[in-house]
Amino acid sequence: MGKLYNFGEGEEVRQDFKLAVYWLTKAAEQGHFQAQYLLGHMYEYDDEPPQDYKLAFFWYTKAAEQNHYFAKEDRDKMLEKMSQSQIEEVQKFSKELYEKIDNEIAEQVRYSSFINAAAKRYNLTPELIQAIIKIESSFNPFAISERGAMGLMQLMPETAKEMNVESPFEAEENIMGGSRYLRKLHDLFAGDLQLVLAAYNAGPNRILENNHRIPRIPETEEYVKKVLQEYGRIRENALAIQ
């Protein structure tokens, strides 16, 4: 997608540098070295986006780490032109950005095998499970809420028992149990995702008592909004690397 918008593709896809940067960045953050190199080149030479030698250096370095010859060559040329203070500046900037991106990637891959297995078993999208984990526990397998919800998918004790989860702080078991519960809610509310998420947060009885509408509970309304936003973000990232 990023390459299409960067170079244009006839009448079907017109050149759009803002969209190119948007999609290339998403792909680059997922580790795609060609997207990383293209971003480095755009930030070093192009007028749009505005030139930014720190971002250029960072993306060249990321691509060079994956043995991209031209990225390493262009990065080394940049270093030759920099003063010592500029080198220190880009190194500090790169370290901070590395940590941010690597943490985000780690979140996505750490439990991916469990998430994919649960999604397949209960006929759910892995992106939805991932989004719920992100909002519920921020990928902390030992999280405990004030109300006693436990683990990655924040299972209440009665829910864990109902879903046959004996060790809620064990990642695979928690994800399987939470996904099984999600499937139950999905069937109960005929696949209406907003109702499913509201029920996951507030309990299905609240939805049933409210005539199959999201109850006016600020926490629940905000929860549904956050999960849907995260779900959309994850799906966009998946599209960016196709």
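One structure accompanies this document, and this report is about it. Note that the structure is predicted; figures quoted are calculated from it, not measured.

Moving on, we get to the packing of aromatic side chains. Tallied over the full model, the rule gives 5 aromatic pairs. Summarising the aromatic geometry, the rings of Tyr37 and Tyr60 are spaced 5.8 Å apart at their centres and angled 35° between planes, so their arrangement reads as tilted. Of this pair, Tyr37 sits in helix 3 (residues 33–45) while Tyr60 is found in helix 4 (residues 53–64), placing the two residues 23 residues apart along the sequence. Under the relative-accessibility criterion, Tyr37 is labelled buried at 14%. On the basis of relative accessibility, which here comes to 0%, the residue Tyr60 falls in the buried class. Relative to Phe70, the ring of Tyr69 lies with its centre 5.4 Å away and its plane at 80°, an arrangement referred to as edge-to-face. Residue Tyr69 is classed as exposed on the basis of its relative accessible area, which comes to 56%.

Mapped onto the elements, Pro157 comes out in helix 9 (residues 157–162). Note: C-alpha distance between Pro157 and Arg147 (10 residues apart in sequence) is 9.8 Å. Apart from residues no more than four positions distant in its own chain, Pro157 is found in contact with Gly148 and Met150.

Turning our attention to unusual backbone geometry. Phi at Asn123 takes a positive value of approximately 55°, unusual for a residue other than glycine. Tracing the backbone through its elements, the reader meets Asn123 in the loop between helix 7 (112–122) and helix 8 (126–137). Note on Asn123: relative accessible area 63%, which makes it exposed. With a phi angle near 50°, Gln154 is a residue other than glycine that sits in the positive phi range. Residue classification places Gln154 among the buried residues on the basis of a relative accessible area of 11%.

Further remarks concern the side chain of Ser137. Tracing the sequence through the fold places Ser137 in helix 8. Judged by relative accessible area, which is 9%, Ser137 ranks as buried. In terms of polar contacts, Ser137 uses its side chain to reach the backbone carbonyl oxygen of Leu152, at 2.7 Å. Here Ser137 is in contact with Ala143, Gly151, Leu152 and Gln154, once residues within four sequence places are set aside.

Turning next to helix 3. Its 13 residues place the ends of helix 3 18 Å apart at the C-alpha level, agreeing with the 18 Å of an ideal helix rising 1.5 Å per residue. Buried residues of helix 3: Ala35, Gln36, Tyr37, Leu38, Leu39, Gly40, Met42, Tyr43 and Glu44, and no others.

If you look at the biggest cluster of nonpolar residues, it comprises 38 residues, and the most contacted ones within it are Ile129, Ile132, Ile133, Ile175 and Tyr200. Only helix 7, helix 8, helix 10 (171–188), helix 11 (193–202) and helix 13 (218–240) provide two or more residues apiece to this core.

For the rest of this paragraph, the subject is the packing of helix 7 against helix 10. Two elements in contact, helix 7 and helix 10, have axes whose closest approach is 9 Å; the angle formed by their N-to-C orientations is 30°. Judged by the angle between their axes, helix 7 and helix 10 are roughly parallel. Seen along the crossing, helix 7 lies across helix 10 with a hand that is right-handed. Contacts from Phe114, Ile115, Ala117, Ala118, Arg121 and Tyr122 in helix 7 reach Ala171, Glu172, Ile175, Met176, Ser179, Arg180 and Arg183 in helix 10.

Definitions and cut-offs
- Residues take numbers from 1 onward in each chain, read along the sequence in its written order.
- A pLDDT threshold of at least 70 governs which residues receive local features in this predicted model, and a stricter bar of 80 or more applies before side-chain atom pairs are shown or counted, although totals over entire chains, interfaces and linings include all residues.
- Only hydrogens and water are removed before side-chain values are computed, so all heavy atoms of the structure are retained for them.
- To pair, rings of Phe, Tyr and Trp, with the six-membered ring standing in for Trp, must have centres within 6.5 Å; the planes then decide the type, stacked if under 30 degrees apart, edge-to-face if over 60, and tilted in the middle.
- Under the DSSP-based scheme used, a helix requires at least four consecutive residues in state H or I and a strand at least two consecutive residues in state E, with every element numbered from the N terminus.
- Partly exposed residues are those whose accessible area sits between 20% and 50% of the maximum for their type, while under 20% is buried and over 50% is exposed, using a 1.4 Å probe and protein chains only.
- What makes two residues a contact is simply this: any of their non-hydrogen atoms within 4.5 Å.
- Nitrogen and oxygen atoms within 3.5 Å of one another constitute a polar contact, given that in protein one can donate a hydrogen and the other can accept it, and given that sequence-neighbouring residues count only through two side-chain atoms.
- Here the expected span of a helix is defined as 1.5 Å times the quantity of residues minus one.
- We define a nonpolar core as any set of buried Ala, Val, Leu, Ile, Met, Phe, Trp, Tyr and Cys residues linked to one another through side-chain atoms lying within 4.5 Å.
- Lines are fitted to the C-alpha atoms to define the axes, a helix being fitted only along its stretch in contact, and any angle between axes, read from their N-to-C directions, falls within 0 to 180 degrees.
- Every angle not falling under 35 degrees, over 145, or within 65 to 115 is termed oblique; those three ranges are roughly parallel, roughly antiparallel and roughly perpendicular.
- Left-handed describes a crossing in which the near helix is turned anticlockwise from the far one by less than a right angle; the clockwise case is right-handed.

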